[in-house]
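What the coordinates show
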Amino acid sequence: MATHEIPLSRPDITELEEQMVLQTLRSGRLSIGPMVEQFEKLVAARAGCRHGVAVNSGTSGLHLALSALGIGPGDEVITTPFSFIASSNCILFVGATPKFVDICPTTLNMDPAKIQAAIGPKTRAILAVETFGNPAYMDQYAAIAARNEVPLIEDCCEALGCVYKGRPAGHFGRVGVFGFYPNKQITTGEGGMIVTDDHRLAEMCRSLRNQGRPLGHIAPSATNASGSWLKHERLGYNYRLPELNAALGVGQMRRLDEILEKRMRVAEHYVRRLAGHPHLALPTIDADTVMSWFVFIVRLSPSYTGEERDRVIAGLRRQEIGTNDYFPCIHLQPFYREQFGLGPGMYPIAESVSQRTLALPFYSSLTAREIDHVCQALEVMIKQENLSPRG
Ligand SMILES: *Cc1c(COP(=O)(O)O)cnc(C)c1O
């Protein structure tokens, strides 16, 4: 039995990243410099896109993507209720209204068959999430968006490096956004990246992240005192990614394939270990998908209640095993209920799934022994719940 704590996630950082951050620190250039530029190129290339715009979080990137597309008050954006809160909050930031569409119970992404019915005269975009790194239906979302002449915004914050029908995450939407919080596949501490093929959209995002400075603006330097540094053409923000964080990101991008490979091996070990368990559903992955594993989620069978799932989580935590209830439904969060009159029963599949899912410890250095220990503890907890009287 493992006697040490096994966290839910842990970044994979080596001496390469340490050296890159240290070099950047010593260079004296701490903002708007070569590391941001290099990081943008590396991530854009991985997404098969012409432009990358680095920002200080995935949430900031989503905010800018919606702003740059001109989405605002009175507009509706179609999205999933089963996600991290930011994929919906960004719609509120610009004053628009989220229109939720229920999910498919196997892939956990928005059900494409239900999107068309949700599209109305106020629909201005479809914002799709590659939930837990699974890109299922991205091509269908793009086709539905094109047919209805609205942009597809791809929240690929959980999906860096995954490939669907030969196309990488970030390449399906008019614009895509990656996130680099420490629990993602790669991290910059905090950070995000907007990717797009649309030059004007990229320039608008660059201006908005940098206080609304003129399009095509370059940082001031000894040789480029253009005087435009204090010109602000539109309401902008400070969403810039610092050079130190970008340096960490460049190091991580150089090791991306190695990191994804290690995560794949951990996921495969979990699948081998838990496959066939009578009370557990494991992630479903289409044949034409190369997953980029963000987290490892298991789902208790439909006979289990939310309270029983919560007790399994509490039991694992008592044994110092990191776990969480990814994700509570967005439409059931207090301020969404209040502001939009939402409540239980509106998106029944998302609600049913979210009551029974839990995330297990997942990171590249997780050992086979640790995985076995986690699975054993999980099996014991499930059995206990199964034996306890139902009320
Ligand atoms: C991580 C994540 C984000 C962005 O999160 P930040 O912490 O702001 O970088 C956005 N959407 C989804 C679905 C995410 O998982």
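Residues numbered from 1 in each chain as written. Predicted model: local features only at pLDDT ≥ 70, side-chain atom pairs only at ≥ 80, totals over all residues. Heavy atoms only, no water.

**Here we look at the sheet that holds strand S5 (residues 152-155)**
The pairing of strands in a sheet comes from backbone hydrogen bonds and takes either a parallel or an antiparallel form. Spatial ordering of the open sheet is given by S1-S9-S8-S5-S4-S2-S3, a layout of seven strands whose pairing is mixed. Two strands close off the open sheet at either side, each with one partner strand: strand S1 (51-55) and strand S3 (97-100). Taken pair by pair, the neighbouring strands of this sheet meet at an average axis angle of 25°, ignoring direction. Bridge count between S1 and strand S9 (residues 192-196): five bridges; the pairing is antiparallel. (Pairing = 2+ DSSP bridges. Helix = DSSP H or I, 4+ residues; strand = E, 2+ residues; numbered from the N terminus. Axes fitted to C-alpha atoms, helices over the stretch in contact; angles between N-to-C directions.)

**Regarding helix H2 (residues 34-46)**
In a regular helix each residue adds 1.5 Å, so 13 residues correspond to 18 Å; H2 covers 19 Å between its end C-alpha atoms and thus fits that length. Taken residue by residue, H2 has Met35, Val36, Phe39, Glu40, Val43 and Ala44 as its buried positions. Along the long axis of H2, the arc covered by the buried residues comes to 155°, so they all point the same way. Of the exposed residues in H2, the ones pointing more than 90 degrees away from its buried face are Lys41 and Ala45. Each element contacted by the buried residues of H2 is listed here: helix H1 (15-27), S1, strand S8 (175-179), S9, helix H7 (199-209) and helix H8 (243-254). (Expected span 1.5 Å × (residues − 1). Buried < 20%, exposed > 50% of the residue type's maximum accessible area, 1.4 Å probe, protein only. Arc of directions from axis to C-beta. Contact = heavy atoms within 4.5 Å.)

**Re the domain arrangement of the protein**
Split into domains, the protein comes out as domain 1 (15-101 + 109-254) and domain 2 (256-387). Here domain 1 and domain 2 have C-alpha centroids that lie 27 Å from each other. Contact with domain 1, which involves 36 residues of that partner, is made by 34 residues of domain 2. Carbon and sulfur atoms make up 65% of the area that domain 1 and domain 2 hide from each other, which totals about 2,900 Å². Contact with domain 2 buries area across many residues of domain 1, yet Phe82, Phe132 and Gln185 alone supply 24% of it, more than any other trio. Across the contact surface, domain 1 and domain 2 share one salt bridge. Between arginine 46 and aspartate 257 there is a salt bridge, with its nearest N and O atoms 2.9 Å apart. Inspection of the domain 1/domain 2 interface yields 11 residue pairs in polar contact (both at pLDDT 80 or more). (Domains from an automatic or database assignment. Buried area = accessible area lost by both parts, 1.4 Å probe. Salt bridge = Lys/Arg side-chain N within 4 Å of Asp/Glu carboxyl O. Polar contact = N/O pair within 3.5 Å; in protein donor to acceptor, adjacent residues only side chain to side chain.)

**Remarks on the side chain of glutamate 243**
Among the structural elements, glutamate 243 can be located in helix H8. One buried charged side chain, glutamate 243, makes no salt bridge at all; its nearest oppositely charged neighbour is arginine 29, positioned 6.0 Å away. Engagement of the side chain of glutamate 243 in a polar contact is seen with the backbone nitrogen of methionine 35, the distance being 3.0 Å. In this view, glutamate 243 contacts Thr24, Arg29, Leu30, Ser31, Ile32, Gly33, Pro34, Met35 and Val36; residues no more than four positions away in its chain are not counted. (Lys, Arg positive; Asp, Glu negative; His and termini not counted.)

**With respect to empty space enclosed by the protein**
All told, the structure shown has two cavities of 30 Å³ or more when counted by the stated rule. The volume enclosed by the largest cavity comes to roughly 170 Å³. Forming the boundary of the largest cavity are 18 residues, of which Leu108, Phe132, Pro283, Thr284 and Ile297 lie nearest the centre. The residue makeup of the lining of the largest cavity, split by class, is 11 nonpolar, six polar and one charged. The residue makeup of the lining of the largest cavity includes at least three contributed by each of domain 1 (15-101 + 109-254) and domain 2 (256-387). (1 Å grid on protein atoms, 1.4 Å probe; cavity = no way out; pocket = protein on both sides within 12 Å on 5 of 7 lines; lining within 4 Å. Points joined across faces, edges and corners; volume = space filled by probe spheres on them. Nonpolar A, V, L, I, M, F, W, Y, C, P; charged D, E, K, R; others polar.)

**Considering the pattern of salt bridges**
Per the counting criterion, the structure on display carries 21 salt bridges. Here aspartate 75 ties to arginine 124 by a salt bridge, and the two come within 3.3 Å at their closest N and O atoms. A residue pair is termed long-range when its members are at least 10 positions apart, and aspartate 75 in the loop between helix H3 (58-68) and strand S2 (76-79) and arginine 124 in strand S4 (residues 123-129) qualify at 49 residues. The network of salt bridges with shared partners includes Asp12, Glu17, Arg255, Glu258 and Lys262.

**A closer look at H8**
Between its first and last C-alpha atoms H8 spans 16 Å; for 12 residues at 1.5 Å apiece the expected length is 16 Å, and the two agree. Among the 12 residues in H8, 10 count as buried, and that is most of the element. Every buried residue belonging to H8 is among Glu243, Asn245, Ala246, Ala247, Leu248, Gly249, Val250, Gly251, Gln252 and Met253, and all of these are buried.

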